[in-house]
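# Close look at the chain arrangement
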Amino acid sequence: MTTTADAASSGGDHAGTAAPAIDIPDYVTITGPAKMPLHAVASILIEMLTGNPDLPGPRAVSLSQLSRDIDMQFPGTPDTFHAMAAWAKRFGGTVIAEPGSDQESGPYVRCEVQFPHRGVQVKGYAYIKPVRAAT
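Residues numbered from 1 in each chain as written. Predicted model: local features only at pLDDT ≥ 70, side-chain atom pairs only at ≥ 80, totals over all residues. Heavy atoms only, no water.

Here we take up the packing of aromatic side chains. All chains considered together, the criterion is met by 6 aromatic pairs. Ring geometry for phenylalanine 91 against phenylalanine 115: centres 4.9 Å apart, planes inclined by 5 degrees, an arrangement best described as stacked. Here phenylalanine 91, found in helix α3 (residues 80–91), pairs with phenylalanine 115, found in strand β6 (residues 106–117); they are 24 residues apart in sequence, far enough to count as distant. Since its relative accessible area comes to 1%, phenylalanine 115 is described here as buried. Measuring from centroid to centroid gives 6.3 Å for tyrosine 125 and tyrosine 127, while their planes differ by 80 degrees, and the two rings are edge-to-face. (Phe/Tyr/Trp six-rings, centres within 6.5 Å; stacked < 30°, edge-to-face > 60°. Helix = DSSP H or I, 4+ residues; strand = E, 2+ residues; numbered from the N terminus. Buried < 20%, exposed > 50% of the residue type's maximum accessible area, 1.4 Å probe, protein only.)

Further remarks concern the pattern of salt bridges. Within this structure, the stated rule accounts for 3 salt bridges. Across the salt bridge formed by glutamate 47 and arginine 118, the nearest N and O atoms sit 3.2 Å from each other. With glutamate 47 in helix α2 (residues 38–50) and arginine 118 in the loop between β6 and β7 (120–128), the pair connects residues that are 71 residues apart, well separated along the chain. Since its relative accessible area comes to 52%, arginine 118 is described here as exposed. Between arginine 90 and aspartate 54 there is a salt bridge whose closest N-O contact spans 2.5 Å. Taken together, the residues arginine 90 in helix α3 and aspartate 54 in the loop between α2 and β3 (60–64) connect sequence positions 36 residues apart. (Salt bridge = Lys/Arg side-chain N within 4 Å of Asp/Glu carboxyl O.)

The subject of this paragraph is the environment of tyrosine 125. By the element assignment, tyrosine 125 lies in strand β7. It is 9.0 Å that separates the C-alpha atoms of tyrosine 125 and proline 58, two residues lying 67 residues apart in sequence.

Another aspect to go through is the environment of glutamine 114. Along the chain, the position of glutamine 114 falls in strand β6. For glutamine 114, a relative accessible area of 36% translates into the label partly exposed. Setting aside anything within four residues of it in sequence, one finds glutamine 114 in contact with Gly92, Gly93, Thr94, Gln121, Val122 and Lys123. Within the structure, the side chain of glutamine 114 is placed 2.5 Å from the side chain of glutamate 112, a separation counted as a polar contact. A polar side-chain atom of glutamine 114 sits 3.5 Å from a polar atom in the side chain of glutamine 121. (Contact = heavy atoms within 4.5 Å. Polar contact = N/O pair within 3.5 Å; in protein donor to acceptor, adjacent residues only side chain to side chain.)

The next subject is the environment of proline 107. Take proline 107: it is sitting in strand β6. Spatially, the C-alpha atom of proline 107 lies 7.4 Å from that of proline 130, the residues being 23 residues apart in sequence. Apart from residues lying up to four places away in sequence, proline 107 is in contact with Gly100, Ser101, Lys129 and Pro130.

Two strands pair when backbone bridges link them, and β3 and strand β4 (residues 69–73) are joined in this way by 5 bridges, in the antiparallel orientation. From the neighbouring strand, valine 61 faces β4, where its bridge partner is methionine 72. (Pairing = 2+ DSSP bridges.)

Further remarks concern the confidence of the model for the chain. Averaged over the chain, the pLDDT score is 85; the fraction of residues at 70 or greater is 81%. A low-confidence stretch, residues 4–14 (pLDDT under 50), is modelled with 11 contacts involving residues beyond four sequence positions or located in other chains. (pLDDT = per-residue confidence, 0-100.)

Right, dumping it as structure tokens:
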């Protein structure tokens with residue numbers, strides 16, 4: 001598919017100027033600039049959670065109509081690595097982790113999985129902290 005820069009942009013008056021064509025490969029999915037209604041994003045989340053009751057559930061969720069995102073926050077415990085792996089296995093994606101530290105909470109590992117599902121981008125994440133020994 002070929003489109004012009006004018007058609008690919010979000011607007012503006014370009015009368016009288018020739019815009020270069022952009023070749024878009026067939027394997028690229030083109031989405032329109034129209035926003036997905038928030039209730040549609042919420043419906044996708046509900047379908048994902050109720051249709052996969054065997055997967056570990058998030059503690060918190062945020063939805064975005066504008067960017068078509070679902071962010072799921074999981075507990076900050078070491079078993080969350082397994083939860084992320086289960087979501088990645090079911091929906092595709094790779095579990096990534098990045099060690100970090102801050103002065104307030106000490107060391108942590110930020111664990112994340114991302115995958116597309118029914119036209120939205122889904123991200124699961126957690127800040128996993130070391131298990132403290134009982135005293």
